[in-house]
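Residue-level structural notes
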Amino acid sequence: MKRRVSIFGATGSIGESTLALLRLKPEVYEVVALTGGQNIDALAKAAREFHAEIAVTAYEDRLDDLKTALADSGIEAAAGAEAIDEAACRPADWIMSAIVGAAGLPPGLKALEQGTTLALANKESLVTAGPLLLDTARAHNATILPVDSEHSAIFQALNGEKMDAVERVIITASGGAFRDWPLKDIANATPEQAASHPNWDMGKRITIDSASMFNKALEVIETREFFGVEPDQIEVLIHPESLIHALVGFRDKGLLAHVGPHDMRHAIGFALGYPVRPDLPLERLDLAKIGQLTFKAPDLDRYPALTIARTVMEIRGLAGAAFNGAKEAALDGFLDGRIGFTDMAPIVTGVIEIMSREGLGNAAITLESVREADQMARRRAFESMAAQ
Ligand code: NDP
Ligand code: MG
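These notes cover the structure that comes with them.

Conventions we followed
- Residues numbered from 1 in each chain as written.
- Chains lettered and ligands numbered in written order.
- Predicted model: local features only at pLDDT ≥ 70, side-chain atom pairs only at ≥ 80, totals over all residues.
- Heavy atoms only, no water.
- Helix = DSSP H or I, 4+ residues; strand = E, 2+ residues; numbered from the N terminus.
- Rg over C-alpha atoms; globule rule 2.2 N^0.38 Å.
- Buried < 20%, exposed > 50% of the residue type's maximum accessible area, 1.4 Å probe, protein only.
- Contact = heavy atoms within 4.5 Å.
- Areas by Shrake-Rupley, 256 points an atom, 1.4 Å probe, with all protein chains shown as cover.
- Lys, Arg positive; Asp, Glu negative; His and termini not counted.
- Charge placed at Lys NZ, Arg CZ, Asp CG, Glu CD.
- Patch = residues over 30% accessible without salt bridge, like charges linked within 9 Å, V, L, I, M, F, W, Y side chains within 5 Å.
- Salt bridge = Lys/Arg side-chain N within 4 Å of Asp/Glu carboxyl O.
- Donors = N, O, S within 2.8 Å, 3.2 Å for Na, K, Ca; no water.
- Axes fitted to C-alpha atoms, helices over the stretch in contact; angles between N-to-C directions.
- Parallel < 35°, antiparallel > 145°, perpendicular 65-115°, else oblique.
- Left-handed = near helix turned anticlockwise from the far one by under 90°.
- Nonpolar A, V, L, I, M, F, W, Y, C, P; charged D, E, K, R; others polar.
- Pairing = 2+ DSSP bridges.

This part is about the overall build of the protein. Each helix and strand in the protein was counted, giving 17 helices and 11 strands. At 20 Å, the protein has a C-alpha radius of gyration in line with the 21 Å of a compact globule built from 388 residues. Dimensions along the principal axes, computed over C-alpha positions, put the protein at roughly 55 × 55 × 40 Å. Looking at the protein as a whole, 54% of its 388 residues qualify as buried. Counting only contacts in the protein whose residues sit at least 6 apart along the sequence, the fraction spanning at least 24 positions is 67%. When the accessible surface of the protein is summed, it comes to about 17100 Å², and 50% of that surface belongs to carbon and sulfur atoms. Averaged over its 38 positive side-chain charges, the protein has a centre that lies 3 Å from the centre of its 54 negative ones.

Shown next, in the form of C-alpha cells:
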C-alpha cells in the first residue's frame, strides 16, 4: 500500500524540497492534499504531476484561477482557510506543515487530531501554541517530527539518550546577511540586502528573519517547547559555515554534534523516512577540504531578538503568540518600507511590554486565545509603526 502524504505550503521553499524527495520514489507515495497561496501555477503544476486528490489555495479570490489551472484534471480545487483545515482532516500517513507564519497552526492541529505524523517546519506553531500542539498530539496519539534543521539535529543527537542526562542544548546560527556589517550601517539595510542569506536557500521571510535573528529567537523558543528544556539550558552559537546544526551537551560534559550539508532535504528526508534513515542524493561533506569550522558568541547589540526570546520565555502563556504576531507585522512594515531594519526589534519589544502588563503570561493557550493575542499584537505593532 502506498503512503498517503499531504503538504501544507507545497509551493514554498520547504514544500518544493519535499516534493523533490517524493519525486525520487513515486511508487511509494500517494499525494492527498497540496496547499499554496498566491502561486497558483506552481500549485496546479504540482497537483497535476503528483495526481493529488485536492489542491487548496489560501485565498478565496484565487479559486477561479485554480479551477481553470486544474480544468479536466479530475483534481478537486478549493480555497480559503477553512478549506485548508478541511484538507488537513483528510486521512494521510504523513503531513508536512510548511505554511509560513501563524496561518500554519490551525491545519497543523487538525492534522494532529487525525493521529497522523506531522513533519513540522512551521516553527510558529510551537512558538505561538506549543503546549496546545503537544497536548493535541498526545491526546490523539499523533507524532510530531521536527523539520527545522537545528531541531532535527537535536532530535537526532538525542536518539537513545535520556533527557535527564542532558545539561544543555546549543543551536547554531550563521549570523545572517549582516553578520559582518558595521553596526551603524544595519539601520539603512534594504529588504533586498536582508533577503540574501550567506548559506541557506529559503523563503524570503525566514531569510530576513535570519538576518535579524528573529528566526533564531523563534528557534530558541521552539527548542524549549519541543524538547521541554529550561531557557537557561539553551544556548545560541554563531557558526558561519552552517555545517553543525546543533549540539547536545550531556552531564558528563560530552557534546554530540550533528553535522550535515546545509540543504533542507536532509531534515525533510529524515522526517519522511523516520524511523528508517533514507538514502538521500545530497552532497557528501569533505571535511578535509572544508578544513576548519569556526564558532563565536552572538553579540546581543547586533541581535536584540535573542534578548526578546528570553523575555518571551520568562512571561510564557500567550507571550509567544504576541511575539510572533508583532514580529510578522514588523516584518511587513520593513518589507513595505514603513520602518527600517533596526526598528523591528524595538517595536516588537514594545508590543510585548504593553501586552504583558495586560496579563499575557496568565492566559490559557487555546486556538481562540492564540488568535486573539496574535491579532492584538499585529494591531499594536501597526499603531506603533504609524506613530514612527
Ligand atoms: P515560503 O515563503 O517559501 O513558503 C510558504 C508557503 O506558505 C507557500 O506555499 C505559500 O504559498 C504559503 N502561504 C503563505 N501565506 C499563507 C497563508 N496565509 N495561508 C496559507 N498558506 C500560505 O516559506 P518557507 O518554505 O521558507 O518556510 C515555510 C515554513 O518552514 C516557515 O514556518 C519557516 O519558518 C519554516 N522553515 C523553513 C526553512 C527553509 O529552509 N525554508 C527552514 C526551517 C524552517 P504561496 O507561495 O503560493 O503564496
Ligand atoms: Mg532553522
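Read on, since the account is not over.
Let's shift gears to helix H7 (residues 149-157). Burial analysis of H7 places 8 of its 9 residues in the buried class, the great majority of the element. Buried within H7 are the following residues: Ser149, Glu150, His151, Ser152, Ala153, Ile154, Gln156 and Ala157. Summarising the contacts, the buried residues of H7 are in contact with strand S7 (143-146), strand S8 (166-173), helix H11 (214-227), strand S10 (244-250), strand S11 (255-259) and helix H12 (264-273).

Where like charges cluster on the molecular surface, the negative patch consists of Glu60, Asp61, Glu82 and Glu86. Inspection of the secondary structure assignment puts Glu86 in helix H4 (residues 81-89).

Here the magnesium ion (ligand 2) is held by the protein donor atoms Asp148 (OD), Glu150 (OE) and Glu219 (OE), which lie 2.1 to 2.2 Å from it. In the primary sequence, the donor residues of the magnesium ion (ligand 2) line up as D-x1-E-x68-E. On the criterion of sequence distance, the pair formed by Glu150 in helix H7 and Glu219 in helix H11 is long-range, its members being 69 residues apart. Across this residue pair, the class does not change: Glu150 and Glu219 are buried.

As a further point, take the packing of H11 against helix H14 (residues 305-315). Axis separation between H11 and H14 bottoms out at 8 Å; the angle between their running directions is 30°. Accordingly, the angle class assigned to the pair H11 and H14 is roughly parallel. The crossing of H11 and H14 is right-handed. Within the contact between the two elements, H11 uses Phe214, Lys216, Ala217, Val220, Ile221 and Arg224 and H14 uses Ala305, Leu306, Ile308, Ala309, Arg310, Val312 and Met313. Residue classes in the contact of H11 with H14 are distributed as 10 nonpolar, no polar and 3 charged.

Strands sit in the order S9-S8-S10-S11 across an open sheet of 4 strands; the sheet is mixed. In this open sheet, the two edge strands, each paired with only one partner strand, are strand S9 (234-238) and S11. Ignoring strand direction, the axes of neighbouring strands in this sheet form an average angle of 20°. Relative to S9, S8 runs parallel, the two being bridged by 5 bridges. Bridge pairing links Thr172 to Leu237 in S9. With respect to the sheet, H7 is in contact with S8, S10 and S11, its orientation differing from that of S10 by roughly 40°.

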